[in-house]
Amino acid sequence: MSMFERTSRRRFLQTTGAAVAAPYIITSTALGNADCPAASDRIVMGGIGIGNMGRGDQSDFLHRKDVQYVALCDVRDDVRDKAKATVDDKYGNKDCTAYNDFRELLARSDIDAVHIATPDHWHAVMAIEACRQGKDVYCQKPETLTLREGPLMIAAARRYGRVFSGGSQRVLGDYRKYVDPAWAGELGRIKSINVNVNPLPKLCNLPAEEMAEKIDWNLWLGPAPWAPYNSKRCSGSFSINGASWRSFSDYSGGGMTDWGAHHFGGATFICDVRELQPEEVTYHEKSGVPYLSYRYPNGLIIYHNRPNTENLAIEGTPSERTPAKPVPMYKGEGGIHGDFIECVKTREKPFRDIELAVNTAVVSHLGNIAYQLRRSLKWDARAQQFPGDAEANRLVDRARREPWQV
Amino acid sequence: MLDEAFAVLKQYDWGSDMAPLAPIEDAVAVSHDQAEVRRDLENRLIATLQSDASRDAKDYVCRKLAIVGTVAAVPALASMLGQKDYSHMARMALERMPAPEAAQALRDATGKVSNELKVGVISSLGSRRDAASVSVLNVLLNDGDPAVARAAALTLGAIGSVDAAAVLKVAATSAARDKPAVIDALLACAEALLAGQKQTDALAIYRSLAADNQARLVRLAATRGILACTSKQS
């Protein structure tokens, strides 16, 4: 069936139910009750990439009464098997379908929404295809690997009217002690804020290893350059110092994007510039150690690794209070995952709408490029280009390994 | 220093210490405004590409040429586009290279390389938004290989010009290989045309996709597009 010729979920359930319902006992859970919606009224979900972060996302969605979790995908056999067992145990059946190839999951017409927690080099390809297939998307941070991917993901979400949430739970969860006084006007006009995150991503040149796990290596690499299997290259651990994919530039922006999604996301939230992108990045060196300052259109400066400065150190004008504003919050119940599900139901934009998430990722990517080129850059957010800078514009995107395309 | 680094690069392979290559990294960064130094660097990189260096060494070279490569590097890179082990990394350098010769090399390769590699070459033309490839893509849109046809459709969407839209419109009303990809690309074209102040062209596309014979997802997308065109016109 063409992806555009699908039936609605309810119609799918009705028609398939008519064909196969007779031999089965309809459970009270399926019919719903005061505490739990009927199966036909739950958000039908699947998950792609069920490693460390994906497992946590799966757990949060799976334990919601308004979600029916029906499918998952992972290129590792053991991860896939464990994740399916988790779902089947929860529901007391064997109905969850486990896939190796995400395209099969996305082709299912009964799935409303997906969560994606693969390595970063896969996010854009999968999320854009999910939007094309009419799925709402919850995508782990960092949402993008390159600058070009962000506008393409936003365009796909807007084109098909999809709810698309980025995945940093810390932006609202971790920085309230700064956000609350800032939005209450107690800090006055914020002139600058400093973010300390490390390290930069590096090229992975790990040697070939004998494959010690059952993994579809070609699908793990996906759009990234071919490279031999090495357990550290594809480890999903939280290391950003060479022991996981998060460290390496083919799959991640390193600490700059990994923790940057949280800290830059927090900084832009505190300073209420979530809807903006920097217009300039200045490369500094002090005693041979580089650091950056980003200038925003409203004059705000965000420093990266400013010497002798604590993370999230703020320069404000507390003697000149500014008008208080209500702090944006999650909708629904259950943190960032509940916010996403609530928005799937209401069609509102989630707290971490993809556009805001991309604006944070842009800060990290601009920083990585400035460090790589060791010089200052101007950025035209409207054109998504470095104006008059052909060299920097080469780093806006990178070629994807065939057959993957965004 | 640079001589030693390039000597090491000849023996470079996965698992090699990367520290000895630091002078090459330095040369890429500091030669930004030193044309002579950069020309010398590029020549050394091209020579490595044309040597019997390892696959990993050539991968490394392509990553550097992605930043410093000029028209001088195009022939060496173009010769790799048809080689399964090297095609992607050659595109890594060619895709973002401003020289029009890079786009020409990619266009030429669509008629020479295997279907598997052709899909990648076509996607690189899309990333470049290469308007000159519309006629080539028009042919590929009807390729017998569904992956090639789909890549051509999505690339026409990325180009987003009036000409690209015209080709896609014909495909949308014929027995296109991958109708959903064609329609997605048409919607992308409409968005690009609307952003480029060509509301009339965009509106025509959206209206053609708002008919009852389209899937609900497409009809809704088209309706949103019509509203966007209307609000922009008013």
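Residues numbered from 1 in each chain as written. Chains lettered and ligands numbered in written order. Predicted model: local features only at pLDDT ≥ 70, side-chain atom pairs only at ≥ 80, totals over all residues. Heavy atoms only, no water.

Trainee: Hey, could you go over the overall build of chain B for me, with residue numbers and the actual values?
Mentor: Secondary structure assignment for chain B yields 14 helices and 0 strands. Across its three principal axes, chain B shows a C-alpha extent of roughly 65 × 40 × 30 Å. Put simply, chain B has 234 residues, and 55% of those count as buried. Total accessible area on chain B is roughly 9,800 Å²; 52% of this is exposed by carbon and sulfur atoms. Charge-centre separation for chain B: the mean point of 26 positive side chains lies 10 Å from the mean point of 27 negative side chains. (Helix = DSSP H or I, 4+ residues; strand = E, 2+ residues; numbered from the N terminus. Buried < 20%, exposed > 50% of the residue type's maximum accessible area, 1.4 Å probe, protein only. Areas by Shrake-Rupley, 256 points an atom, 1.4 Å probe, with all protein chains shown as cover. Lys, Arg positive; Asp, Glu negative; His and termini not counted. Charge placed at Lys NZ, Arg CZ, Asp CG, Glu CD.)

Trainee: Hey, could you go over helix 6 (residues 87-94) of chain B for me, with residue numbers and the actual values?
Mentor: Residues and elements named next belong to chain B. Taking burial as the measure, the 8 residues of helix 6 include 8 buried ones, the bulk of the element. Every buried residue of helix 6 is listed here: S87, H88, M89, A90, R91, M92, A93 and L94. Close packing links the buried residues of helix 6 with helix 4 (55-68), helix 5 (74-78), helix 7 (100-109) and helix 8 (115-127). (Contact = heavy atoms within 4.5 Å.)

Trainee: An account of the environment of A:M53 is requested, with residue identities and associated values reported.
Mentor: Residues and elements named next belong to chain A. Of note, M53 is situated in helix 3 (residues 52-62). With relative accessibility at 26%, the residue M53 sits in the partly exposed group. For M53 and G236, which are 183 residues apart along the polypeptide, the C-alpha to C-alpha distance reads 8.6 Å. Sequence-distant contacts of M53, defined by excluding residues within four places in its chain, comprise A117, Q140, F238 and R246.

Trainee: Would you mind going over empty space enclosed by the protein in detail, with residue names and values included?
Mentor: Any space left empty among the atoms is revealed by the rolling of a water-sized probe across them. Summed over the entire model, instances satisfying the criterion amount to 5 cavities of 30 Å³ or more. In terms of lining, the largest cavity is formed by A:R148, A:R400, A:W404, A:Q405, A:V406, B:E95, B:S123, B:G126, B:S127, B:L154, B:T155 and B:A158. Going through the elements one at a time, helix 8 and helix 10 (146-159) of chain B are the ones with two or more residues in the lining of the largest cavity. A class-by-class count of the residues in the lining of the largest cavity yields 4 nonpolar, 5 polar and 3 charged. (1 Å grid on protein atoms, 1.4 Å probe; cavity = no way out; pocket = protein on both sides within 12 Å on 5 of 7 lines; lining within 4 Å. Points joined across faces, edges and corners; volume = space filled by probe spheres on them. Nonpolar A, V, L, I, M, F, W, Y, C, P; charged D, E, K, R; others polar.)

Trainee: Help me get a handle on the confidence of the model for chain A, residues and values and all.
Mentor: Low-pLDDT portions of the prediction should not be read for the details of their coordinates. For chain A, the mean per-residue pLDDT works out to 93, and 92% of the residues sit at or above 70. The low-confidence segment residues 1-24 of chain A (pLDDT under 50) makes 36 contacts with residues lying over four places distant or belonging to another chain. (pLDDT = per-residue confidence, 0-100.)

Trainee: Let's hear about the packing of aromatic side chains: which residues, and what values?
Mentor: Tallying each qualifying case throughout the model produces 17 aromatic pairs over all chains. For the ring pair A:F269 and A:F351, a centre distance of 5.4 Å and an interplane angle of 75 degrees mean the geometry is edge-to-face. Taken together, the residues span a long stretch of sequence, with A:F269 in helix 13 (residues 260-270) and A:F351 in the loop between helix 14 (335-346) and helix 15 (354-373) at a distance of 82 residues. Through a chain of ring-to-ring contacts, three or more aromatic side chains come together here, namely A:W183, A:F269, A:Y330 and A:F351. Looking at B:K58, its charged tip hangs above the ring of B:Y86, at a distance of 5.3 Å from the centre. (Phe/Tyr/Trp six-rings, centres within 6.5 Å; stacked < 30°, edge-to-face > 60°. Lys NZ or Arg CZ within 6 Å of the ring centre and 35° of its normal.)

Trainee: I'd like to hear about the side chain of B:R91, residue by residue, with values.
Mentor: In this structure, B:R91 sits in helix 6. A polar side-chain atom of B:R91 sits 2.7 Å from a polar atom in the side chain of A:E402. Once you skip the residues sitting within four places of it in the chain, B:R91 turns out to touch A:A399, A:R400, A:R401, A:E402, B:L81, B:L106, B:G120, B:V121, B:S123 and B:S124. (Polar contact = N/O pair within 3.5 Å; in protein donor to acceptor, adjacent residues only side chain to side chain.)

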